[in-house]
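Understanding the architecture of this molecule
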Amino acid sequence: MRRRAAGAVAAFLCLLTGCATGPSLETRGNVTAPPGDSKHLTIGSAGFTESDVLAQMYALLLGKAGYHTDILTVSNRELYEPALESGQIDVVPEYAATFADWLNTKTNGPDAPPVGSPDLDTTMTALRKLATPRGLTVLDPGRAVDQNAFAVAASYAEQHHLKTLSDLGKSGLKVRLAAGDECVQRPYCEPGLKKVYGIDITGIDPKGVGTTQAKQAVQRGQDQMVLTTTTDATLSQFDLVLLADDKHLQNADYIVPVVNRSRAGSERVTSTLDALNKVLTTEDLASLNEQVDSWRRLPEDVARTYLKEKGLL
């Protein structure tokens, strides 16, 4: 297994000049090519910690299964998704609801109603319907999910007997929320918290999603809650705890491997990646992220250790 350097440059040039294409517009919707089983597979990473660790695990498992693997880091989905369609990238870890909505916008325009939802089955059906005509196969989701989540100070939760977002809504407490600017309009953020949970959001402190500054603001009591994710590995460092999304406001962003059907659609690839999906949990993923971000371990080392611990290597 190795990371691409010159190969990455070549891939970008091809993407920019259109030297490789996926299914043509005329044939999309009728992709009939049999599943392929290329012996050399390129694993895509979106360039952030979690994606890097997942890509490393995919590469290690596929390497054990007899494939020669490269990892290509492309941080922009606008670039790596076409590369996946064209076969320059063969496998990539994705997030079910986010990827479904992204493909929906790409297929049906920016004003298309969202198709991702809190219901996993509904989301997966929509995602596969959009992915298949593009020559992509979406494998089954695993147990791990990286959703938006909301955290409060542990002392605040204990004082007010808070375990869920419903508890916070029922408490009548006024809440200043540390989040990104977009929280004011996003349905999963301020509008959803008010409508679904009845939480009294008094203002948005625009410190970003899960940033150190945002967590510190809640830790100090300047804000009462912070928007982060379910795989945030640093919450305990700031004495923060997540409140459960008990009414399922957030979309089903389960981890799903997506493959180029003509190159990596074989049963061997599917069964190899399914083995990881069966054991990897949200808690595991948070721990793996922490080892890279806080302990400064290399993603490949973290991935290898985890797979050995689970008996997969």
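See the structure printed just above.
Residues numbered from 1 in each chain as written. Predicted model: local features only at pLDDT ≥ 70, side-chain atom pairs only at ≥ 80, totals over all residues. Heavy atoms only, no water.

1. Looking at the packing of helix H3 (residues 77–86) against helix H4 (residues 96–108)
Working note: a packed helix pair is described by the angle between its axes plus the distance between those axes. In the contact formed by H3 and H4, the axes pass within 12 Å of each other and the chain directions differ by 85°. Judged by the angle between their axes, H3 and H4 are roughly perpendicular. For the pair formed by H3 and H4, the contact residues are Arg77, Glu78, Glu81, Pro82 and Glu85 on the first element and Thr98, Phe99, Trp102, Leu103 and Lys106 on the second. (Axes fitted to C-alpha atoms, helices over the stretch in contact; angles between N-to-C directions. Helix = DSSP H or I, 4+ residues; strand = E, 2+ residues; numbered from the N terminus. Parallel < 35°, antiparallel > 145°, perpendicular 65-115°, else oblique. Contact = heavy atoms within 4.5 Å.)

2. Some thoughts on the sheet that holds strand E10 (residues 240–243)
Spatial ordering of the open sheet is given by E8-E7-E9-E6-E10, a layout of five strands whose pairing is mixed. This sheet does not close on itself; its edge strands, each paired only once, are strand E8 (200–206) and E10. When strand polarity is set aside, the average angle formed by the axes of neighbouring strands in this sheet is 40°. The sheet contact formed by strand E6 (residues 148–153) and E10 spans four bridges and is antiparallel. Among the inter-strand pairings, alanine 153 is bridged to a residue of E10, identified as leucine 240. (Pairing = 2+ DSSP bridges.)

3. Some details on the environment of leucine 288
In this structure, leucine 288 sits in helix H12 (residues 282–293). A C-alpha to C-alpha distance of 7.5 Å links leucine 288 and valine 53, two positions 235 residues apart in sequence. Setting aside its immediate chain neighbours within four residues, leucine 288 contacts Val53, Met57, Leu280, Val302 and Tyr306.

4. Regarding helix H13 (residues 299–309)
Along H13, the positions that sit buried rather than exposed are Pro299, Val302, Ala303, Tyr306 and Leu307. Down the axis, H13 shows its buried residues gathered within 125° of arc, on one side only. Residues of H13 that are exposed and point over 90 degrees away from its buried face: Lys308 and Glu309. At its buried positions, H13 is contacted by helix H2 (49–64), helix H11 (267–277) and H12. Glycine 311 sits one or two positions beyond H13 and adopts a positive phi of about 75°. (Buried < 20%, exposed > 50% of the residue type's maximum accessible area, 1.4 Å probe, protein only. Arc of directions from axis to C-beta.)

5. Structural notes on the pairing of E6
For E6, a buried count of five out of six residues is recorded, marking the element as mostly surrounded by other parts of the structure. The sheet contact formed by E6 and strand E9 (residues 225–229) spans four bridges and is antiparallel. When the bridges of E9 are listed, phenylalanine 150 appears paired with leucine 227.

6. Remarks on the packing of aromatic side chains
Under the criterion given, the structure shown has one aromatic pair. Taken together, a centroid distance of 6.5 Å and an interplanar angle of 25° make the contact between phenylalanine 48 and tyrosine 95 stacked. Taken as a pair, phenylalanine 48 in the loop between strand E2 (40–45) and H2 and tyrosine 95 in strand E4 (residues 91–95) lie far apart in primary sequence, 47 residues in all. Residue classification places phenylalanine 48 among the partly exposed residues on the basis of a relative accessible area of 38%. (Phe/Tyr/Trp six-rings, centres within 6.5 Å; stacked < 30°, edge-to-face > 60°.)

7. Some details on the pattern of salt bridges
Here the structure, examined in full by the defined rule, presents 15 salt bridges. Between lysine 106 and glutamate 85 there is a salt bridge, with its nearest N and O atoms 3.2 Å apart. On the criterion of sequence distance, the pair formed by lysine 106 in helix H4 and glutamate 85 in helix H3 is long-range, its members being 21 residues apart. The residue glutamate 85 makes a salt bridge to arginine 134 at a minimum N-O spacing of 3.1 Å. A residue pair is termed long-range when its members are at least 10 positions apart, and glutamate 85 in helix H3 and arginine 134 in the loop between helix H5 (120–131) and strand E5 (136–138) qualify at 49 residues. Across the pair, arginine 134 and glutamate 85 agree in class, each one buried. Shared partners join several salt bridges into a network, and the residues in it are Glu81, Glu85, Lys106 and Arg134. (Salt bridge = Lys/Arg side-chain N within 4 Å of Asp/Glu carboxyl O.)

8. Topic: the state of the cysteines
Under the definition given, this model contains one disulfide. One disulfide in the model links cysteine 183 with cysteine 189; its S-S distance is 1.8 Å. A torsion of -85° about the S-S bond marks the disulfide between cysteine 183 and cysteine 189 as left-handed. (Disulfide = S-S within 2.5 Å.)

9. Some points on unusual backbone geometry
Positive phi, close to 60°, is recorded for histidine 161, a residue that is not glycine. With respect to the element layout, histidine 161 can be found in the loop between helix H6 (154–160) and helix H7 (165–171). By relative accessible area, histidine 161 is classed as exposed at 66%. Despite not being glycine, arginine 296 shows a phi value in the positive range, around 60°. Summarising the element assignment, arginine 296 is placed in the loop between H12 and H13. Here arginine 296 falls in the exposed class, since its relative accessible area comes to 67%.

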